[in-house]
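So the chains spell out like this:
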Amino acid sequence: MTCYDRQDLGLLLLRLGTGGVLAAHGAQKLFGWFGGGGIEGTGAAMEAMGYVPGKQSAAMAGLAEAGGGALLALGLATPAAGAAAAGAMAGATAVHAPNGFFAAAGGYEYAASLALTAAGLAVTGPGRLSLDHALGHAVNRGWMVPAALAVTGAATAVVVGLRNRRVREAAEFGQETLFDE
């Protein structure tokens, strides 16, 4: 096996593992599978986390995770798939950031790892063992990588920024109430 063949196999394993985990997370949000809350339960949780409106936020996060994950696993539209999945995980990272880095303490370690792996796959590409390769890279062109990452990065920055502002305002309001009593 040549070095190039090992790289393709390694990318396939990364895509299948990361894509499968992301697709399962998205299915939890969208359908309630694997012990998830579905749109209703996840929507309520997302609203409580500051992502408003909750149901639409749950649907968008679920689609980015399930769709991005499935496409990553298949190696199809890899730049867009990786960027979408990375954006969804950046939103999760924002929620867990106040708890520090390590997942054992509720931190952002796991979400950040998935985000970085998805973004890395978007940049690196799917390898030869992929639908992108089989289709002549019709939806995996070089210009698509910076475009997908830039659009997703901008959208994620807006969504997370609005969420952080809501959380900050709620904390300030809550503190004022405590001092008035």
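Quick notes on the rules
- Residues numbered from 1 in each chain as written.
- Predicted model: local features only at pLDDT ≥ 70, side-chain atom pairs only at ≥ 80, totals over all residues.
- Heavy atoms only, no water.
- Axes fitted to C-alpha atoms, helices over the stretch in contact; angles between N-to-C directions.
- Helix = DSSP H or I, 4+ residues; strand = E, 2+ residues; numbered from the N terminus.
- Parallel < 35°, antiparallel > 145°, perpendicular 65-115°, else oblique.
- Left-handed = near helix turned anticlockwise from the far one by under 90°.
- Contact = heavy atoms within 4.5 Å.
- Nonpolar A, V, L, I, M, F, W, Y, C, P; charged D, E, K, R; others polar.
- Salt bridge = Lys/Arg side-chain N within 4 Å of Asp/Glu carboxyl O.
- Buried < 20%, exposed > 50% of the residue type's maximum accessible area, 1.4 Å probe, protein only.

### A word on the packing of helix H3 (residues 54–74) against helix H4 (residues 78–96)
Between H3 and H4, whose axes approach to 8 Å, the crossing angle comes to 140 degrees. It follows from the interaxial angle that H3 and H4 lie oblique. Seen along the crossing, H3 lies across H4 with a hand that is left-handed. On H4, the residues that touch Ala61, Ala64, Glu65, Gly68, Leu71 and Leu72 of H3 are Thr78, Ala81, Gly82, Ala84, Ala85, Ala88 and Met89. Partitioned by chemical class, the residues of the contact of H3 with H4 number nine nonpolar, three polar and one charged.

### Brief notes about the pattern of salt bridges
Scanning all chains against the criterion turns up five salt bridges. Between Asp8 and Arg128 there is a salt bridge, and its shortest N-O distance comes to 2.6 Å. Of the two residues, Asp8 sits in helix H1 (residues 3–31) while Arg128 sits in the loop between helix H5 (109–124) and helix H6 (131–134), which places them 120 residues apart along the sequence. Judged by its relative accessible area of 4%, Asp8 falls in the buried class. A residue is classified by how much of its surface remains accessible, and Arg128, at 33% relative accessible area, is partly exposed. For the salt bridge of Glu169 with Arg165, the shortest nitrogen-to-oxygen distance reads 3.9 Å. A residue pair is termed a helical-turn pair when its members lie 3 or 4 positions apart in one helix, as Glu169 and Arg165 do in helix H7 (residues 144–180) at four residues. Through salt bridges with shared partners, a single ionic network connects Asp5, Asp8 and Arg128.

What is shown is where atoms sit, not what they do.
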